[in-house]
Amino acid sequence: MRFNHWLATGFAVAAIASAAPAQDDPRALFTARYAELRAAMQAKDAAAIGKVVTPDYAMTDIRGETHDAASLAMLAERMQGGAADRTTEAEVLAAAVTGPTAQVRQKVNTRMTRIGPDGAPHKMEMIVLTDDTWVQIDGAWRLRTSTQKDLTVMRDGEEFFHQAN
């Protein structure tokens, strides 16, 4: 009987220890939440977007203009612009959790081919760095603010536009 007690305790400690690395580095958690948000935006699913962002969500773009949750699907559609070969890679660069709040730095790299004013196809790339604030509401992390800090647009491998705030 005593052996079973120690065995059960050992399993519990092992389970807690194996979960600890995920809690030590929350980047994986926020990577998954950003993926949920991108999927909801691409689907233009306002209800799904509302499950990832807070009701008072605000995104400040590189020009300083603020957008609410309702405009996210429209922004995603405008960004895609009909490019069939669009690919997006996102990376959480840093995440720091303090109680029910997290500060996250994210890098999003989008590539596509677009027809330029000259009528020729051009390989376009947009790299955006954001500083984001997430809050925990009812046990779920939800995005409250996102501020674009750096935007680089590349055309055919050359810098076409860059702005940092």
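First things first, this report covers the structure right here in the doc. (Residues numbered from 1 in each chain as written. Predicted model: local features only at pLDDT ≥ 70, side-chain atom pairs only at ≥ 80, totals over all residues. Heavy atoms only, no water.)

Points about the pairing of strand β1 (residues 53-60)
Then, in step 1: Two strands pair when backbone bridges link them, and β1 and strand β6 (residues 140-155) are joined in this way by 4 bridges, in the parallel orientation. Residue methionine 59 lies in a different strand from β6, and its bridge partner there is serine 146.
Then, in step 2: The sheet contact formed by β1 and strand β2 (residues 66-67) spans 2 bridges and is antiparallel. Bridge pairing in β2 links threonine 60 to threonine 66.
Then, in step 3: As consecutive antiparallel partners, β1 and β2 are separated by 5 residues, and within that stretch glycine 64 has a phi angle of approximately 90°, a positive value. (Pairing = 2+ DSSP bridges. Helix = DSSP H or I, 4+ residues; strand = E, 2+ residues; numbered from the N terminus.)

Points about helix α2 (residues 27-42)
Then, in step 1: Under the 1.5 Å per step criterion, the end-to-end length of α2 is 22 Å for 16 residues, consistent within 8% with the ideal 22 Å.
Then, in step 2: Restricting attention to buried positions, one finds in α2 the residues Phe30, Arg33, Tyr34, Leu37, Ala40 and Met41. The buried residues of α2 occupy one face: seen down the axis, they fall within an arc of 120°. Of the exposed residues in α2, those oriented more than 90 degrees away from the buried face are Ala28 and Gln42.
Then, in step 3: Looking one or two places after α2, you find lysine 44, whose phi comes out positive at around 55°. (Expected span 1.5 Å × (residues − 1). Buried < 20%, exposed > 50% of the residue type's maximum accessible area, 1.4 Å probe, protein only. Arc of directions from axis to C-beta.)

Topic: the side chain of asparagine 109
Then, in step 1: As for its placement among the helices and strands, asparagine 109 is situated in strand β4 (residues 101-115).
Then, in step 2: Exposure remark for asparagine 109: the relative accessible area of 8% places this residue in the buried category.
Then, in step 3: A polar contact is formed between the side chain of asparagine 109 and the side chain of glutamate 125, at a distance of 2.9 Å.
Then, in step 4: Those residues in contact with asparagine 109 that lie beyond four places of it in its chain are Thr87, Thr88, Glu89, Glu125, Met126 and Ile127. (Polar contact = N/O pair within 3.5 Å; in protein donor to acceptor, adjacent residues only side chain to side chain. Contact = heavy atoms within 4.5 Å.)

Honestly, it's all geometry; don't read function into it.
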